[in-house]
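# Summary of the model geometry
What follows is each chain in one-letter form.
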Amino acid sequence: MKFRIRWRIVLPYVILLCAQAIIFASVLPPILRHAYQEALVNEQSPNLTTFYLVTIILVILAIVTVLLLSLYVSTQTLGPLEKLTRAAKQMGAGQFDEIDIPKPSGEIIEIKELSEALRQTVEQISAQINALTNERSKLAAVLSQMTDGVLIADSGGHVQLLNKAAERLFKTEESQALGRSVVEVMRHHAIVDLWTETREGEPKTITLEMGSDHKFLQVFGIPLSADLPGSTMLLLQDLTQIHRLETIRRDFISNVSHELRTPLASLKALTETLLDGALEDPPAARRFIVRMDTEVDNLTLLVNELLELSRIESGRTTFEFQRILPCKLLSAPCDRMALQADRVGLNLRLNCPQDLPPVFADPDRISQVVINLLHNSIKFTPAGGQIEVSAWLEGSQVVFSVKDTGVGIAEKDLTRIFERFYKADRARFGGGTGLGLSIAKHMVEAHGGKIWTESEEGSGSTFFFTIPVA
Amino acid sequence: MPRFTLDREIHLIQDEVLLLGSLVEQALLNAVDALRRRDAEFAHQIERADEAINEKRFAIENHVLILIATQQPMAHDLRLMAAILEVITELERMGDYAKGIAKIAAGLANDEILVPIREIGFMADIAVSMLHRALGAFIAEDVTLAYSIAEEDQQVDELYNTVYYKVVQNMIANPSTIDNTNHILWVLHNIERTADRVTNICERTVFIATGDMLELDTSDDEKDV
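Throughout this description, residue numbers start from 1 for each chain and increase along the sequence as written. Throughout, the order in which chains and ligands are written sets their labels, letters from A for the former and numbers from 1 for the latter. With the structure being a predicted model, the display of local features is reserved for residues of pLDDT at least 70 and the display and counting of side-chain atom pairs for 80 or more, all residues being used for whole-chain, interface and lining totals. Only heavy atoms go into the side-chain values, all of them from the structure, while hydrogens and water stay out.

Before going further, it helps to spend a moment on the overall build of chain B. Looking only at helices and strands, one finds 7 helices and 0 strands in chain B. Helices (α) and strands (β) of chain B occur, in sequence order from the N terminus, as α-α-α-α-α-α-α. Buried residues are those whose accessible area, probed at 1.4 Å on protein chains only, stays under 20% of the maximum for their type, while exposed residues exceed 50% and partly exposed ones sit between those limits. Residue burial in chain B is summarised as follows: out of 225 residues, 50% are buried. Numbering of helices and strands starts at the N terminus; helices are DSSP runs of H or I of at least 4 residues and strands are runs of E of at least 2.

Next up, the structure:
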């Protein structure tokens, strides 16, 4: 360690000492000389009291001035140093807002430099902390809002992070899950296996169905060796909805094929029979061709309804809404079906108060809906039964109902009958596409209404639908 | 630090129990799925997978016995080990039930017989949900949750009775299908027994926490039928 003399601090003391020396040297000798001279004149021992007095005074003065000078120097250096130390401690405690670095006065350059350096450090660290906090807030926002689940676990299999979506998937909370094992949190052997394999180093993906909710998940295992050594991330995509739609689509195609196959098979059988020789027998041939005609009609009906359904579902149907009285909506379809009902021995009654307010509807479409409902009632009500069509006002909706005394619908089928192709009782259903109610539902909903049914097996069913008042 | 090691060992065993539970849940849901889709190949897979369940059960038993021998746990920890031995046995039985359902699914694969698959699906979902939460309660030693899950067994029993009745009626109406319809009754029985065994797990949860071995299953199955 080199010893250097800090002249800026030492100089004042040197000057003071010199001054004191000069004062001592200039004041004391004359007093001494004077005392001795007097003693010579008076032939006595010298009276040194004055000398001693002045010496003591001078010494006290000297001490005091040194003390004063020390005090001055300390405050110049130690004061600022104390403030800087306090500021440094505050930095350590993270209290960046309260730091106050005093502008150093005084001549001591080292303290000035220290002050300046500390001030810069505080600014830099503050800026860094702000940037990091911003970054963290952004990430936290993304993690909590994203729909995919994110789970991060360390090499020991303890959960380090669990975002909101993952909390929902595993039915837990991050605060509960932190530090717990992946097995305890995820409770699924296949996902745990995925984690184990990914931990070894390679990313991997699996799809699986999880739990009694039958959630369909795609899980990505991603090693985080670069960013978080030893940790692994699991990204969980909930594909349940997509999977469901896929299943519906697949079932629909399979259903359509099935429905088409039956009339086509009949047609094939009939043409084969004709070609095999029935053509030579005109009356028989005619019978066959009539049957073929019926099958073609059935096929055409099916295809038309399918097209209709597809148009409605993709929103391509045009509706021509108009203000129309509910009873006018009902009269045409009821008239049309009255004959059919009569033919099978059923009593069809229309119960519609004339004072109902007009509704906003497309009469042709609603007519279709009513015809469909009546058609079903006729099909499922044995001879001697009743069918009643009514309408009434409920709040801002007009409620329409078609009530029959037919065979009714089983409870388990009640919500499903509006599905495409769903036929509650296949044996009885016979002909018909199974699409009628599905189309009816779309029509009613396009009007802003609802359609539903109440039924009791053995007593009959009532179909209700609503249309808002105009 | 023996306490630290003991805790770590216990946690490892608990994790193993949870994994075994997950295998069993999967087996049950898969078996019902195989029945739903009449997929014989899948059903055979499930039957083969039962081996893994059995192996795991024995591995855990081993682990527990070693821990008891070497660490000599006392009081709560000892009860926990005893309970785990019991629980893994229940789980292994449930695995066997799932295997049974899969066997039946394989057998019915080419049959046209009507299966009340929706009701069976509901029952299985409830039973698996019960199992999932019961195991969670077991690990967390949540007595309140254990009690409430045990009560859900009633739902399964009610469903069982309803579907049983319907299936028997079907049998009477179509005597030619008796053999296969009988198998459906076994499927129902297996699921109902699964839910009962979950109740046993709940009883063990109460046991660990309180030291009392209570009977939480209030229904008397034989009597109700």
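Bringing the overall build of chain A into the picture now. Along the backbone of chain A there are 13 helices and 12 strands. A buried classification covers 36% of the 470 residues belonging to chain A. Considering only contacts in chain A between residues 6 or more positions apart, those separated by 24 or more positions represent 59%. Two residues form a contact once any of their heavy atoms are found within 4.5 Å.

What follows deals with the interface of chain B and chain A. Counting residues at the interface gives 18 residues for chain B and 13 residues for chain A. Taken over both partners, the interface formed by chain B and chain A buries close to 1400 Å², and the fraction arising from carbon and sulfur atoms is 54%. One side-chain nitrogen of Lys or Arg within 4 Å of one carboxyl oxygen of Asp or Glu is enough to make a salt bridge. The interface formed by chain B and chain A contains 0 salt bridges. Throughout this description, a polar contact denotes any pair of N or O atoms lying within 3.5 Å of each other; where both atoms belong to protein, one of them has to be capable of donating a hydrogen while the other can accept it, and for residues adjacent in sequence the pair is counted only when both atoms sit in side chains. Our count for the chain B to chain A interface comes out at 6 residue pairs in polar contact (both at pLDDT 80 or more). Counting only elements with at least two residues in the side of chain B that touches chain A, the list comes to α1 (2–37) and α4 (117–140) of chain B. Looking at side-chain class alone, the side of chain B that touches chain A contains 7 nonpolar, 6 polar and 5 charged residues. The term buried area refers to how much accessible surface (probe radius 1.4 Å) is lost by two components on association, counted for both of them together. Residues are grouped as follows: Ala, Val, Leu, Ile, Met, Phe, Trp, Tyr, Cys and Pro are nonpolar; Asp, Glu, Lys and Arg are charged; all remaining types, including Gly, are polar.

What follows is about the nonpolar core. A general feature of soluble globular proteins is that nonpolar side chains tend to end up buried together. Note on terminology: a nonpolar core comprises buried Ala, Val, Leu, Ile, Met, Phe, Trp, Tyr and Cys residues joined through side-chain atoms within 4.5 Å. One finds Leu151(A), Ile84(B), Leu91(B) and Ile120(B) to be the most contacted residues of the largest nonpolar core, which totals 96 residues. The next biggest cluster of nonpolar side chains, apart from the first, holds 47 residues, and it includes Val359(A), Ala361(A), Ala391(A) and Ala440(A).

Turning our eyes to something else, we now look at α4(B). Note that an α-helix has 3.6 residues per turn; residues three or four places apart therefore point the same way. Residue and element names in this part refer to chain B. For a helix, the expected span equals 1.5 Å multiplied by the residue count minus one. The terminal C-alpha atoms of α4 lie 34 Å apart, and with 24 residues this matches the ideal 34 Å at 1.5 Å per residue to within 8%. Burial runs high along α4: 17 of the 24 residues are buried. The positive-phi residue at the C-terminal boundary of α4 is Glu141, with phi of around 55°.

All names here are of chain B. The tally for this structure, following the rule as stated, stands at 22 salt bridges over all chains. Note that Lys166 is salt-bridged to Glu119, the shortest N-O span being 3.8 Å. Separated by 47 residues along the polypeptide, Lys166 in helix α5 (residues 143–173) and Glu119 in helix α4 bring together distant segments of the chain. For Glu119, a relative accessible area of 17% corresponds to the buried category. Ionic contacts of the salt-bridge type, sharing partners, join the residues Asp33, Arg36, Arg37 and Asp39 into one network.

This paragraph deals with the side chain of Glu295(A). All names here are of chain A. Assignment of secondary structure puts Glu295 in helix α9 (residues 282–313). No salt bridge is formed by the buried Glu295; the nearest opposite charge belongs to Arg291, separated by 6.6 Å. Excluding residues that lie within four positions of it along the chain, Glu295 makes contacts with Pro263, Ser266 and Leu267. The charge count treats Lys and Arg as positive and Asp and Glu as negative. His and the chain ends do not count.

It is the rolling of a water-molecule-sized probe over the atoms that shows where space remains empty. For each structure, a 1 Å grid was placed over the protein atoms alone; sets of points admitting a 1.4 Å probe that cannot get out are labelled cavities, open sets with protein on both sides within 12 Å along at least five of seven lines are labelled pockets, and lining residues have an atom within 4 Å of a point. Grid points are joined across faces, edges and corners, and a volume is the space filled by probe spheres set on the points. Size it by volume and the second largest pocket reaches roughly 850 Å³. What lines the second largest pocket is a set of 34 residues, and nearest its centre among them are Phe170(A), Lys171(A), Arg187(A), His132(B) and Gly136(B). Elements supplying a minimum of two residues to the lining of the second largest pocket: α4 (164–170), α5 (174–177), α6 (182–186) and β3 (204–210) of chain A together with α1 and α4 of chain B. With 9 residues, the top contributor of residues to the lining of the second largest pocket is α4(B).

What follows concerns the sheet that holds strand β7 (residues 347–351) of chain A. Residue and element names in this part refer to chain A. Following DSSP output, two strands are said to pair if at least two bridges run between them. In space, the 5 strands of this open sheet follow the order β7-β9-β10-β12-β11, with mixed pairing throughout. With partners counted over all chains shown, the strands left at the sheet margins are β7 and β11 (451–456), one partner each. Neighbouring strand axes in the sheet, compared pairwise and without regard to direction, differ in orientation by 15° on average. Summarising the sheet, strand β10 (residues 397–404) and strand β12 (residues 460–468) pair through 7 bridges and their orientation is antiparallel. In the sheet register, Val398 faces β12, and the bridge partner there is Ile467. Where helices are involved, their axes are fitted lines through C-alpha atoms of the stretch in contact, as for all axes, and angles between N-to-C directions lie from 0 to 180°.

A word on the pairing of strand β9 (residues 386–394) of chain A. Side-chain direction in a regular strand flips from residue to residue, so the side chains alternate between the two faces of the sheet. All names here are of chain A. Pairing analysis gives 5 bridges linking β7 to β9, with the strands arranged parallel. In the strand pairing of β9, Asn351 is matched with Ser390. Pairing between β9 and β10: 8 bridges, direction antiparallel. Of the residues in β10, the one forming a bridge with Val389 is Val402. Joining the antiparallel neighbours β9 and β10 is a turn of 2 residues, in which Gly395 adopts a positive phi near 65°.

Moving on to the packing of aromatic side chains. Residue and element names in this part refer to chain A. Centres within 6.5 Å are what make two rings of Phe, Tyr or Trp a pair, Trp counting through its six-membered ring; a difference in plane orientation under 30 degrees is then read as stacked, over 60 as edge-to-face, and the rest as tilted. Taken as a whole and judged by the stated rule, the model has 8 aromatic pairs over all chains. An angle of 10° between the planes, with centres 5.0 Å apart, marks the rings of Phe400 and Phe465 as stacked. Here Phe400 is found in strand β10, whereas its partner Phe465 is found in strand β12, with 65 residues between them in sequence. Residue classification places Phe400 among the buried residues on the basis of a relative accessible area of 1%.

Attention now goes to the sheet that holds strand β1 (residues 149–153) of chain A. What holds strands together in a sheet is hydrogen bonding between their backbones, with the strands either parallel or antiparallel. Residues and elements named next belong to chain A. Read from one edge of the open sheet, 5 strands run β2-β1-β5-β4-β3, paired in antiparallel fashion. The open sheet has two edge strands with one neighbour each: β2 (159–162) and β3. In this sheet, neighbouring strand axes are inclined to one another by 20° on average, regardless of whether the strands run parallel or antiparallel. Pairing of β1 with β2 involves 3 bridges; the strand directions are antiparallel. Paired with Leu151 across the bridge in β2 is Leu162.

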